[in-house]
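Residue-level structural notes
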2 protein chains.
Amino acid sequence: MHDCIFCKIVVGEVPSEKVYEDDDTLAFLDISPITKGHVLVITKKHYKDLLETPSSDLEKCILTIKKIAPKLLIALEADGFNIGLNNGEASGQVIKHIHFHIIPRYHNDNLRMWEGQSYQEGEMKDYGDKIRKFTIEL
Amino acid sequence: MHDCIFCKIVVGEVPSEKVYEDDDTLAFLDISPITKGHVLVITKKHYKDLLETPSSDLEKCILTIKKIAPKLLIALEADGFNIGLNNGEASGQVIKHIHFHIIPRYHNDNLRMWEGQSYQEGEMKDYGDKIRKFTIEL
């Protein structure tokens, strides 16, 4: 896509620190890392987000993540990692080209998870019912 | 696995608000939701984390996410969603049975993303080199 920075990275018009590449996916360092060595995994084809990405390309992304993540742990002597994907502006998605984050994590790196809330009595079932109305057909 | 709460949910020994199920995966509400309607997608088989999960089961999880996520948007009138997976204690993983989070998001829900850092001059290439030593073989 003409104005997409990730598409430009795919074709080499914009430089990046690539760490893995195959026919369908590319992995490179995020220039603004949550922790250093934070990797983005993208499809080479342009899709706006997860909803727009065909199943076959999503499968390729998850396989690339599975290949790279253990190597990141070794290379960076990290203790764990988070996988993340933001879908839509409200979720924090900035670049409109699907990308998964792999964020190396360390004991005591002081990154705090979002806090969970509680459901009121009966409310969890209400939410389940609300969702099942649409997932029952799947 | 005997003492795994998610395995007990799979077989129905522990109740849950299931929203989707197929032969290989199960989706149900997180009891401590980041936002209400927060869903967990798990494999029915017990695997500790992403690294231990066979590719075929990871593919099934991502396909379940792709099926459910758009329904969540509709059912909850959400504006977007985050996908997350925590691998290892250092990353925030609590239950040692692979699970993906689907977190409904709303404009102005006030959940703050982790902040990105900067690399020093030359440091990004150093990290790239460090990782490529292990990914070059892939």
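Scroll up for the structure.
Let me begin by describing the structure that accompanies this report. (Residues numbered from 1 in each chain as written. Chains lettered and ligands numbered in written order. Predicted model: local features only at pLDDT ≥ 70, side-chain atom pairs only at ≥ 80, totals over all residues. Heavy atoms only, no water.)

**What to know about the relation of the copies chain A and chain B**
When chain A is fitted to chain B, the residual RMSD is 0.0 Å, and the transformation amounts to a turn of 180 degrees plus an axial shift of 0.0 Å. In symmetry terms, the pair is related by a two-fold rotation axis. Identified as the residue of chain A closest to the rotation axis by C-alpha distance is Gly84 of chain A, at 2.3 Å. (Least-squares fit on C-alpha atoms with pLDDT ≥ 70 in both.)

**Some remarks on the interface of chain A and chain B**
Buried accessible area, meaning the area lost when the parts come together, often serves as the stated size of an interface. Facing 73 residues of chain A, the contacting portion of chain B comprises 73 residues. Summing the contributions of chain A and of chain B, the shared interface buries around 6700 Å²; its carbon and sulfur component is 68%. One can count six salt bridges joining chain A with chain B. Among the ionic pairs, Lys71 of chain A bridges to Glu137 of chain B, the shortest N-O distance being 3.1 Å. Run the count over chain A and chain B and you get 34 residue pairs in polar contact (both at pLDDT 80 or more). Mapped onto the side of chain A that touches chain B, the elements with two or more residues apiece are β1 (18-21), α2 (55-76), β4 (80-87), β5 (99-105) and α3 (123-135) of chain A. Top contributing element to the side of chain A that touches chain B by residue count: α2 of chain A, with 17 residues. (Contact = heavy atoms within 4.5 Å. Buried area = accessible area lost by both parts, 1.4 Å probe. Salt bridge = Lys/Arg side-chain N within 4 Å of Asp/Glu carboxyl O. Polar contact = N/O pair within 3.5 Å; in protein donor to acceptor, adjacent residues only side chain to side chain. Helix = DSSP H or I, 4+ residues; strand = E, 2+ residues; numbered from the N terminus.)

**Regarding helix α2 (residues 55-76) of chain B**
End to end, α2 of chain B covers 31 Å across 22 residues, agreeing with the expected 32 Å (1.5 Å per residue, within 8%). Just downstream of α2 of chain B lies Glu77 of chain B, where phi reads positive at about 50 degrees. (Expected span 1.5 Å × (residues − 1).)

Any link to function would need more than the numbers given here.
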